[in-house]
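A look at the structure
Here is what each chain is made of, one letter per residue.
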Amino acid sequence: MVTSPVVNTYPLSSYTFGTKEPKMEKDTSVADRLARMKVNYMKEGMRTSVEAILLVQEHNHPHILLLQIGNTFCKLPGGRLKPGENEIEGLKRKLTSKLGANSPALVPDWQIGECVAIWWRPNFETIMYPYCPPHITKPKRYGPVISTIPQQLSRFQFNMITA
């Protein structure tokens, strides 16, 4: 019998939230973003991005914390890695810059779990795949797809911590 990995989830009330100055998106549209990705790919090669799934529980039900961008768009916290940067260290850097306090004395001790999924973007389009298609020799980017999170998390067992 194969056992599922166990993830401890803590009540939302266990966390303290503050506010930060909003960071504006670099692009005003998806087309602008894809065009910027193409320019960056020509300069730097394949882009590697990481994003975190932050889980809390409320009423013994898991919830994913998302960042709200504008009035209609939400995303996972994370972003692009620096060239040669380790994925875990890069994710910690991104989490601290996006979610950490505005004080260098208060650096969070992020606990990074396992990789849930890897997605590939073979072209400068919005479509991403959970594998690198065999006919693609130079993928353009890889990172997560938010709509697949419930399915990806279904392999985990959640331990709801109440205190």
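Read on for an overview of the structure. None of the values given here were measured: they were computed from a predicted structure.

**A word on the overall build of the protein chain**
Scanning the protein chain from N- to C-terminus turns up 3 helices and 10 strands. Counted from the first residue to the last, the protein chain has its helices and strands arranged as β-α-β-β-β-β-β-β-α-β-β-α-β. In the protein chain, which comprises 163 residues, the proportion classed as buried is 26%. As displayed, the protein chain has an accessible area near 11300 Å², and 56% of this comes from carbon and sulfur atoms. Charge-centre separation for the protein chain: the mean point of 20 positive side chains lies 6 Å from the mean point of 13 negative side chains.

**Things to note about unusual backbone geometry**
Backbone geometry places H59, a non-glycine residue, at a positive phi of 55°. Checked against the element boundaries, H59 lands in the loop between β3 (54-58) and β4 (61-65). One non-glycine residue, N60, lies in the positive phi region at around 60°. Examined against the element boundaries, N60 turns out to sit in the loop between β3 and β4.

**Overview of a nonpolar patch on the surface**
On the surface, a nonpolar cluster with roughly 380 Å² of combined accessible area is contributed by Y10, L12, Y15 and F17. Tracing the sequence through the fold places F17 in the loop between β1 (6-9) and α1 (30-44).

**A few points about the environment of K38**
With respect to the helices and strands, the residue K38 is situated in helix α1. Overall, K38 belongs to the partly exposed group, its relative accessible area being 43%.

**So, the state of the cysteines**
Throughout the structure, instances matching the rule amount to 0 disulfides. Sulfur of C132: no disulfide; nearest cysteine sulfur belongs to C115 and is 15 Å away. C132 sits in the partly exposed class, given a relative accessible area of 29%.

**Re the pattern of salt bridges**
Proximity of charged atoms lets side chains of opposite charge pair with each other. By the definition in use, this model includes 4 salt bridges. Close ionic contact of R36 with D27 constitutes a salt bridge, the shortest N to O distance being 2.7 Å. In this structure, R93 engages E85 in a salt bridge whose closest nitrogen and oxygen atoms are separated by 2.8 Å.

**Things to note about α1**
The α-helix advances 3.6 residues per turn, and as a result positions three or four apart in sequence lie on the same side. A rise of 1.5 Å per residue sets the reference length of α1, with its 15 residues, at 21 Å; its end C-alpha atoms lie 20 Å apart and thus fit the reference within 8%. The set of residues buried in α1 consists of L34, M37, N40 and Y41. Down the axis of α1, the sector holding all buried residues measures 120°, keeping them to one side. Counted as exposed and oriented over 90 degrees from the buried face of α1: A31, M42 and K43.

**Focus on the layout of surface pockets**
One number sums up the size of the second largest pocket: a volume of about 220 Å³. Around the second largest pocket, the lining comprises 16 residues; the ones closest to its centre are E44, M46, R47, T48 and L81. For the lining of the second largest pocket, the secondary-structure elements that each account for two or more residues are α1 and β2 (47-51). If one sorts the elements of the lining of the second largest pocket by residue count, α1 sits on top with 4 residues. Class assignment for the residues of the lining of the second largest pocket results in 6 nonpolar, 4 polar and 6 charged.

**Thoughts on the nonpolar core**
Counting 6 residues, the largest nonpolar core consists of V50, A52, L81, L91, L95 and W110. Beyond its immediate chain neighbours, meaning those up to four positions away, L81 contacts T48, V50, N86, E87, G90, L91 and R93. In terms of nonpolar packing, the next biggest core, distinct from the first, is built from 5 residues, L55, L76, I149 and F156 among them.

Parameters and conventions
Residues numbered from 1 in each chain as written. Predicted model: local features only at pLDDT ≥ 70, side-chain atom pairs only at ≥ 80, totals over all residues. Heavy atoms only, no water. Helix = DSSP H or I, 4+ residues; strand = E, 2+ residues; numbered from the N terminus. Buried < 20%, exposed > 50% of the residue type's maximum accessible area, 1.4 Å probe, protein only. Areas by Shrake-Rupley, 256 points an atom, 1.4 Å probe, with all protein chains shown as cover. Lys, Arg positive; Asp, Glu negative; His and termini not counted. Charge placed at Lys NZ, Arg CZ, Asp CG, Glu CD. Patch = residues over 30% accessible without salt bridge, like charges linked within 9 Å, V, L, I, M, F, W, Y side chains within 5 Å. Salt bridge = Lys/Arg side-chain N within 4 Å of Asp/Glu carboxyl O. Disulfide = S-S within 2.5 Å. Expected span 1.5 Å × (residues − 1). Arc of directions from axis to C-beta. 1 Å grid on protein atoms, 1.4 Å probe; cavity = no way out; pocket = protein on both sides within 12 Å on 5 of 7 lines; lining within 4 Å. Points joined across faces, edges and corners; volume = space filled by probe spheres on them. Nonpolar A, V, L, I, M, F, W, Y, C, P; charged D, E, K, R; others polar. Core = buried A, V, L, I, M, F, W, Y, C linked by side-chain atoms within 4.5 Å. Contact = heavy atoms within 4.5 Å.

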